[in-house]
Protein chains: 2
Amino acid sequence: MNTKFDIENFITDFANSCQKKQKKVFSKNEVVTTYIKNRNQLCILLDGNADLVRYDLNGNRTIVEHFSKNALFGEVFYTITTNNELLVEAKSNCTVLFYIYDDIFHKCRNNCKFHQTLSENLPQLILNKVTDLNMRIELLTKRSTRDKLLGYFSLLSTRKLSTSFELPFSLTDLADYLSVDRSAMMRELKLLKEDGFIEKIGNRIILLYK
Amino acid sequence: MNTKFDIENFITDFANSCQKKQKKVFSKNEVVTTYIKNRNQLCILLDGNADLVRYDLNGNRTIVEHFSKNALFGEVFYTITTNNELLVEAKSNCTVLFYIYDDIFHKCRNNCKFHQTLSENLPQLILNKVTDLNMRIELLTKRSTRDKLLGYFSLLSTRKLSTSFELPFSLTDLADYLSVDRSAMMRELKLLKEDGFIEKIGNRIILLYK
DNA sequence: TATTTTCCGTTGCAAAAGCAACACATTATG
DNA sequence: CATAATGTGTTGCTTTTGCAACGGAAAATA
């Protein structure tokens with residue numbers, strides 16, 4: 001039913017065609033890009049991990065999205081309506097392809113293969129974003145830190161098809177992702193262990209309930 | 001820069017073409033539709049108000065989205081990954097157009113005008129959803145009830161281009177939308193009045209800070 | 001219009017979450 | 001390798017939030 005989309009081929013096309021692209025390498029903790037109003041940038045994470053981070057006026061930090069290899073991001077997927085700063089921060093050494101559009105929904109004059117593939121698949125790619133966003137909203141609407149943690153773990157477990165999985169975040173960052181206080185989250189994590197819901201070995205979580 | 005899209009004409013095209021459509025009328029509190037996995041339904045709210053509501057396993061109710069006249073909704077805009085029930089509930093008498101797709105991104109055999117307009121504009125329509133979802137996430141990541149209220153009010157104020165505006169929700173529903181306890185929200189609302197942040201006359205809020 | 005239902009506003013109390021501080025472990029870096 | 005920076009784990013205390021309950025207002029309904 002879903003339009004299958006070969007991201008590997010897409011990236012190859014991208015790398016081999018379009019003139020306006022740019023490839024850059026970043027080291028850990030560098031700012032990959034800042035989201036800017038009325039710019040349409042499409043970015044592809046060729047390698048590494050990065051987070052989309054928002055800083056609000058109170059200085060609170062929120063991890064809005066987490067990107068790993070082959071993730072697509074940029075203003076193309078985030079029409080900006082906030083005044084807060086939106087940064088993409090490299091969590092490890094990263095390689096990123098950049099492309100800036102005038103109008104993302106129209107092909108370039110050259111009519112290159114990349115653009116053709118892109119405009120054909122963009123709707124589906126955006127729809128994938130919508131799915132992610134809806135899952136995130138479901139997490140954030142949970143009323144307690146415990147439910148947020150369990151909800152997030154269950155999501156990771158479903159993705160990995162296993163009750164045992166690595167956290168893609170440090171615990172500090174996980175708190176920023178779930179939008180809760182870190183020490184309160186650590187306390188709840190301890191209680192989840194004591195109550196027999198989870199086991200935790202380093203960065204690995206094992207879900208003990210079905 | 002943005003593709004402008006005439007929703008009124010679109011609806012007229014819809015009403016006049018495509019065979020598979022259905023028009024239904026609902027009274028207040030009726031269930032307009034239930035979201036079903038692997039179905040692609042597109043719904044247009046011709047008149048009235050409705051909410052997309054999720055009930056979780058603890059019985060908590062969350063208002064996921066609020067729809068008013070001309071809103072588009074349905075599984076087309078919500079790839080389902082949750083096990084929770086997703087219902088659209090009529091908040092007033094409603095008139096709704098329904099259409100079910102096999103594949104939303106491809107035109108129907110008849111190649112009717114509606115379908116042409118739809119497939120041309122769907123990416124932009126989905127992108128509008130993304131914008132809404134990102135705003136909602138920004139609200140939900142705020143750490144306190146106070147910040148959620150102020151954030152939501154400031155959003156409504158920006159939309160209406162005025163510091164004075166009607167709430168589209170009852171206060172009970174507003175709490176379900178912000179994902180907080182109603183009585184705690186009422187308490188915070190009182191404090192916001194006492195601290196001179198807002199005035200509240202019936203359903204109308206006036207923001208007193210710039 | 002009388003009656004039922006829903007919503008608003010409030011409160012006391014209990015539970016959860018946030019804040020701040022600290023020691024220790026682990027990981028980067030000169 | 002020494003040192004600095006960052007992340008983990010913990011705790012006491014304060015603040016915020018949730019829960020439950022209730023009376024009255026407003027709205028829907030018979």
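Since the structure is predicted, the reported quantities are computational estimates derived from the model, not experimental observations. Sequence order as written defines residue numbering, which begins from 1 separately in each chain. A letter from A marks each chain and a number from 1 marks each ligand, given out in the order of writing. Reporting in this predicted model follows two pLDDT cut-offs: at least 70 for local features of residues, and 80 or more for side-chain atom pairs to be given and counted; totals over whole chains, interfaces and linings ignore these cut-offs and use all residues. Heavy atoms throughout the structure, all of them, feed into the side-chain values; hydrogens and water do not.

Colleague: Would you take a moment to explain the overall build of chain A for this structure?
Modeller: The helix and strand tally for chain A stands at five helices and 11 strands. For 210 residues, the compact-globule formula gives about 17 Å, and the C-alpha radius of gyration of chain A, at 19 Å, lands near that figure. Considering chain A as a whole, with its 210 residues, one finds that 51% of them fall into the buried category. Accessible area of chain A: about 10,200 Å², with a carbon and sulfur share of 47%. A residue counts as positive if it is Lys or Arg and as negative if it is Asp or Glu; His and the chain ends are not included. Charged side chains are reduced to one point each, which is NZ for Lys, CZ for Arg, CG for Asp and CD for Glu. For chain A, the separation between the mean place of its 30 positive charges and that of its 25 negative charges on side chains is 1 Å. Where helices and strands are cited, they refer to DSSP runs of H or I of at least four residues and of E of at least two residues respectively, numbered from the N terminus. Here the globule rule is a power law, 2.2 Å times the number of residues to the power 0.38, and the radius of gyration is based on C-alpha atoms. Only protein chains enter the area calculation, which uses a 1.4 Å probe; residues under 20% of their type maximum are buried, those over 50% are exposed, and those in between are partly exposed. Calculation of accessible area relied on Shrake-Rupley with a 1.4 Å probe; when residues are assessed, cover is drawn exclusively from the protein chains displayed.

Colleague: In this structure, what is going on with the interface of chain A and chain B? I would like to understand it.
Modeller: When the parts come together, some accessible area is lost, and that loss is often what is quoted as the size of the interface. Note on definitions: a residue-residue contact is assigned when non-hydrogen atoms from the two residues lie within 4.5 Å. Taken together, the 37 residues of chain A in the interface contact 37 residues of chain B. Note on definitions: salt bridges are taken to be side-chain nitrogens of Lys or Arg within 4 Å of carboxyl oxygens of Asp or Glu. The tally of links between chain A and chain B comes to zero salt bridges. For this analysis, a polar contact is any N or O atom pair within 3.5 Å, provided that within protein one partner can donate a hydrogen and the other can accept it, and provided that sequence-adjacent residues contribute only side-chain to side-chain pairs. Counting every contact that joins chain A to chain B gives 12 residue pairs in polar contact (both at pLDDT 80 or more). Listing elements by their share of the side of chain A that touches chain B, those giving two or more residues are strand 5 (61–67) and helix 2 (113–140) of chain A. Looking at the side of chain A that touches chain B, the element that brings in the most residues is helix 2 of chain A, giving 13 residues.

Colleague: Honestly, the pattern of salt bridges in this entry has me stumped. Any pointers?
Modeller: Two side chains carrying opposite charge are able to pair once their charged atoms lie near each other. The final tally for this structure, using the stated rule, is 18 salt bridges over all chains. Put simply, Glu65(A) and Lys129(A) hold a salt bridge, and the shortest N to O gap is 2.9 Å. With Glu65(A) in strand 5 and Lys129(A) in helix 2, the pair connects residues that are 64 residues apart, well separated along the chain. In this structure, Glu65(A) and Lys129(A) share a single accessibility class: buried. When the shortest N-O distance is used, the salt bridge between Arg146(B) and Glu188(B) registers 2.8 Å. Here the residue Arg146(B) occupies a position in helix 3 (residues 145–160), and Glu188(B) occupies one in helix 5 (residues 182–194), the gap between them amounting to 42 residues. By relative accessible area, which is 17% here, Glu188(B) ends up buried. Each of Arg61(A), Glu89(A), Lys91(A), Asp173(A) and Asp176(A) takes part in salt bridges that share partners, so that together they form one network.

Colleague: Could you clarify how one ought to interpret the sheet that holds strand 10 (residues 198–201) of chain B in this entry?
Modeller: Either a parallel or an antiparallel arrangement is found when strands of a sheet pair, and the pairing is made through backbone hydrogen bonds. All names here are of chain B. What the three strands build is an open sheet, ordered 9-11-10; its pairing is antiparallel. The open sheet has two free edges, formed respectively by strand 9 (164–166) and strand 10, since each of these has just one partner strand. The average undirected angle you get between the axes of adjacent strands in this sheet is 20 degrees. Should DSSP find at least two bridges between two strands, the strands are regarded as paired. Bridge count between strand 9 and strand 11 (residues 204–207): three bridges; the pairing is antiparallel. Looking across to strand 11, one finds that Ser164 is bridged to Ile206. Here an angle of 0 to 180 degrees is reported between the N-to-C directions of two axes, which are lines fitted to C-alpha atoms, with helices fitted over the stretch in contact.

Colleague: Would you mind going over the protein's contact with DNA strand D with me for this structure?
Modeller: Near residues are defined by distance, with any heavy atom within 4 Å of the molecule or strand qualifying the residue. What surrounds DNA strand D is a group of 19 residues, the closest being Thr172(A), Lys190(A), Ser144(B), Thr145(B) and Asp181(B). Backbone sugar and phosphate groups make up 51% of those atoms of DNA strand D lying within 4 Å of the protein. The separation between a base oxygen of DNA strand D and a polar side-chain atom of Arg187(B) is 3.0 Å. We call Asp, Glu, Lys and Arg charged. Ala, Val, Leu, Ile, Met, Phe, Trp, Tyr, Cys and Pro are nonpolar, and the rest, Gly among them, are polar. Here the residues of the surface near DNA strand D are counted per class, giving four nonpolar, six polar and nine charged.

Colleague: So what exactly am I meant to see when it comes to the relation of the copies chain A and chain B here?
Modeller: Each of the two chain copies goes to the other by way of a rotation about an axis and a shift along it. Overlay of chain A on chain B (RMSD 0.1 Å): rotation 180 degrees, translation along the axis 0.0 Å. The transformation relating the two chain copies, once decomposed into turn and shift, fits a two-fold axis. Residues of chain A ranked by C-alpha distance from the rotation axis are headed by Pro123(A), positioned 2.5 Å from it. Most of the interface of chain A is mirrored in chain B, where 100% of its interface residues are also at the interface. Fitting of the copies onto one another was done by least squares over C-alpha atoms, counting residues only where both copies have pLDDT of at least 70.

Colleague: When you look at helix 3 of chain B in this model, what are you seeing that I'm missing?
Modeller: For the α-helix, the turn length of 3.6 residues means that residues three or four positions removed from each other point alike. All names here are of chain B. Expected helix span is taken as 1.5 Å per residue step, with the number of steps being one fewer than the number of residues. Taking 1.5 Å of rise per residue, the 16 residues of helix 3 would be expected to cover 22 Å, and the 23 Å separating its terminal C-alpha atoms lies within 8% of that figure. Three or more residues of helix 3 are buried, namely Lys148, Leu149, Leu150, Gly151, Tyr152, Phe153, Leu155, Leu156 and Ser157. Residues of helix 3 that are buried in the fold lie against helix 2 (113–140), strand 9, helix 4 (171–178), helix 5, strand 10 and strand 11. Leu161 lies just past helix 3 and shows a positive phi near 55 degrees.

Colleague: How should the protein's contact with DNA strand C be read in this particular structure?
Modeller: The full set close to DNA strand C counts 20 residues, and Ser144(A), Thr145(A), Asp181(A), Thr172(B) and Lys190(B) are the nearest of them. Among the atoms of DNA strand C close to the protein, meaning within 4 Å, 57% are from sugar or phosphate groups. Arg187(A) has a polar side-chain atom sitting 3.0 Å from a base oxygen of DNA strand C. Leu171(B) places a main-chain nitrogen or oxygen 3.1 Å from a phosphate oxygen of DNA strand C. Listed by contribution, the elements that provide at least two residues to the surface near DNA strand C are helix 5 (182–194) of chain A together with helix 4 and helix 5 of chain B. Of the residues that constitute the surface near DNA strand C, the class distribution is four nonpolar, six polar and 10 charged.

Colleague: Help me understand the nonpolar core, please; the structure alone is not making it clear to me.
Modeller: Nonpolar side chains tend toward joint burial in soluble globular proteins. Ranked by internal contacts, the top residues of the largest apolar core, which has 47 residues, are Phe77(A), Leu122(A), Phe77(B) and Leu122(B). Where this core is concerned, the elements lending two or more residues are helix 1 (7–16), strand 3 (40–47), strand 8 (94–101) and helix 2 of chain A together with helix 1 (7–16), strand 3 (40–47), strand 8 (94–101) and helix 2 of chain B. Beyond its immediate stretch of four places on either side in the chain, Phe77(B) contacts Val130(A), Asn134(A), Leu42(B), Leu72(B), Leu122(B), Leu125(B), Ile126(B) and Lys129(B). Residues grouped as a nonpolar core are buried Ala, Val, Leu, Ile, Met, Phe, Trp, Tyr and Cys residues, joined through side-chain atoms within 4.5 Å.

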